Amino acid sequence: MVDEIVIDSPLDMHAHLRQDEMLRLVAPLTSRSWAGVMAMPNLSPIVDSPAAAVAYRAAILEAAKEGSDEPFEAYTTLYFQTHYTRDFLADAKPHILSIKFYPRGMTTNSSHGCDPADPGVYDVLASMEELGIPLSVHPEAEGYYHDREELFGKFVRDWVRRFPKLKVILEHLSDRHSVALLDLPNVHATITPQHLMTTGNDWFGPPFNPHLYCMPCVKRPEDRDALLQACFSDHPAKIMAGTDSAPHTEDRKVACGCAGVFSAPIAIQLYAQVFASAGKENMLQAFLSDNARRIYGITPPKRTVRLVREPFAIPSSYGNVIPMWAGGTLEWSIKA
Ligand code: NCD
Ligand code: ZN
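Predicted model only: the values in this text are computed from it and were never measured.

### Some points on the coordination of the zinc ion (ligand 2)
Ideal geometry at a metal gives 109.5 degrees between four tetrahedral donors and either 90 or 180 degrees between six octahedral ones. Surrounding the zinc ion (ligand 2) are the protein donor atoms H14 (NE2), H16 (NE2) and D244 (OD), at 2.0 Å. Classification of the site at the zinc ion (ligand 2) rests on its four donor atoms, whose angles at the metal span 92 to 143°, yielding the label irregular. Written as a sequence motif, the donor residues of the zinc ion (ligand 2) are H-x1-H-x227-D.

Shown next as structure tokens:
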């Protein structure tokens, strides 16, 4: 049995770090263990210009200093808008890793999102393909809540057929039907700890657990098992860690039912538990870092994280945010 795992430069390729007070809470909790993070653009106002992306990166790096003296990088992405022109995207390219597509109304802060069926989407995708800017997608379409990701599959197939050189990253893959999309060339994915470790019964209850409720919702055991199989055997080179850590204050989570699971400080340990329980520790480096480096063509800051098989008690809260599995115990700890 392996009792120690060392990871070079772990990267969280999908996380919500928010702004202002929440950023000051979350950025240090992220930089403590991760070497880099892809910060999602669903802020208020949304990140929709190179200047906003540059300013957001600077704010994250400033706030992250509280968490660690080790090198840390924040990667940014723009919120997809149909008015982006080729020239605008060419100017933005040096400052971003991707453009993030939000289907309107499908998740937190997605009122500025687009209709995937809007023909205006094609013009932007054509420019992105030409310029080599990856498309990162929240793949959910309107429909019964459990089927939304499956329903989005037709848009992914259409876009990949029309723009064969466009690199597509399906964020927070959750549905067994989507795994087949990874057979398409240039289609990649991120997967969260909650989608690999829990099923719908864990959030639906009873009792309902708002801290495991997110978009896309965690689904059936068959979906979880298909995601594990995709990571371990079917598509191991195409899947990256992307926690979708999405903090909301406890009162908003409970009173307003905001979607999002907060996992930033515990996600490396959670992923280690998933891979080690399956005897796949040797695949963790690729999942946590190497795949992202290759898919996005990035060289993250050099940093080593040492995991040991020792119980870690998850705090009941971090400030006013309740983490996934608050008060529970993990099998792996991070050692300084
Ligand atoms: C995210 C958030 O809170 O910003 N929520 C979520 O449930 N995942 C938005 C998102 O990634 O969909
Ligand atoms: Zn997200």
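### Here we look at the side chain of N42
Its location among the elements puts N42 in the loop between β3 (36–39) and α2 (50–64). Assessed through its relative accessible area of 4%, N42 is described here as buried. Reaching out from N42, the side chain makes a polar contact with the backbone oxygen of T108 at a distance of 3.3 Å. Dropping the residues within four chain positions of it, N42 is found in contact with H16, R18, Y79, Y102, T108 and N109.

### As for the sheet that holds strand β2 (residues 11–15)
Pairing in this open sheet of eight strands is parallel, and the strands run β2-β3-β4-β5-β6-β7-β8-β9 from one edge to the other. The sheet is open, and its two edges are formed by β2 and β9 (239–241), each paired on a single side. Strand-to-strand twist across the sheet, computed as the mean angle between neighbouring axes with direction ignored, equals 25°. Examined bridge by bridge, strand β5 (residues 98–101) and strand β6 (residues 135–137) share three bridges and lie parallel to one another. In the strand pairing of β6, K100 is matched with S136.

### Thoughts on the site of ligand 1
Taken together, 15 residues surround ligand 1, and among them R18, N42, T107, M215 and D244 come closest. One of the side-chain N or O atoms of D244 is found 2.7 Å from a nitrogen atom in ligand 1. Residue H248 places a side-chain N or O atom 2.9 Å away from an oxygen atom belonging to ligand 1. Summarising the interface, the protein chains cover 100% of the accessible area of ligand 1, which totals 310 Å² for the free molecule.

### So, the sheet that holds strand β1 (residues 4–8)
Taken in spatial order, the three strands line up as β1-β10-β13 in an open sheet, and their pairing is antiparallel. Among the strands making up the open sheet, the edge pair consists of β1 and β13 (333–335). Across the sheet, the mean angle from the axis of one strand to that of its neighbour is 35°, orientation sign disregarded. As judged from the five bridges shared by β1 and strand β10 (residues 304–308), these two strands associate in the antiparallel manner. Across the sheet, residue V6 finds its bridge partner in β10, namely R306.

### Concerning the confidence of the model for the protein chain
Here the protein chain averages 97 in pLDDT, and 100% of its residues register 70 or above. At the low end of the mean pLDDT range in the protein chain sits helix α9 (residues 250–256), at 92; at the high end sits β2, at 99.

### Looking at the environment of G105
Considering the arrangement of structural elements, one finds G105 in the loop between β5 and α4 (120–131). Classification of G105 by relative accessible area gives exposed; the value is 56%. Each C-alpha atom, one on G105 and one on D175, is 20 Å from the other, the two residues being 70 residues apart in sequence.

### A few points about unusual backbone geometry
Glycine aside, a negative phi is what most residues show, and trans is what most peptide bonds show. Geometrically, the link from G205 to P206 is a cis peptide bond, its omega value of 10° lying close to zero. Within the fold, P206 resides in the loop between α7 (200–204) and α8 (221–234). Of note in this structure, N186 is not a glycine but carries a positive phi near 70°. Summarising the element assignment, N186 is placed in the loop between β7 (168–170) and β8 (187–191).

Thresholds applied
Residues numbered from 1 in each chain as written. Chains lettered and ligands numbered in written order. Predicted model: local features only at pLDDT ≥ 70, side-chain atom pairs only at ≥ 80, totals over all residues. Heavy atoms only, no water. Donors = N, O, S within 2.8 Å, 3.2 Å for Na, K, Ca; no water. Tetrahedral: all angles 85-135°; square planar, octahedral: opposite > 155°, others 65-115°. Helix = DSSP H or I, 4+ residues; strand = E, 2+ residues; numbered from the N terminus. Buried < 20%, exposed > 50% of the residue type's maximum accessible area, 1.4 Å probe, protein only. Polar contact = N/O pair within 3.5 Å; in protein donor to acceptor, adjacent residues only side chain to side chain. Contact = heavy atoms within 4.5 Å. Pairing = 2+ DSSP bridges. Axes fitted to C-alpha atoms, helices over the stretch in contact; angles between N-to-C directions. Near = heavy atom within 4 Å. Areas by Shrake-Rupley, 256 points an atom, 1.4 Å probe, with all protein chains shown as cover. pLDDT = per-residue confidence, 0-100.

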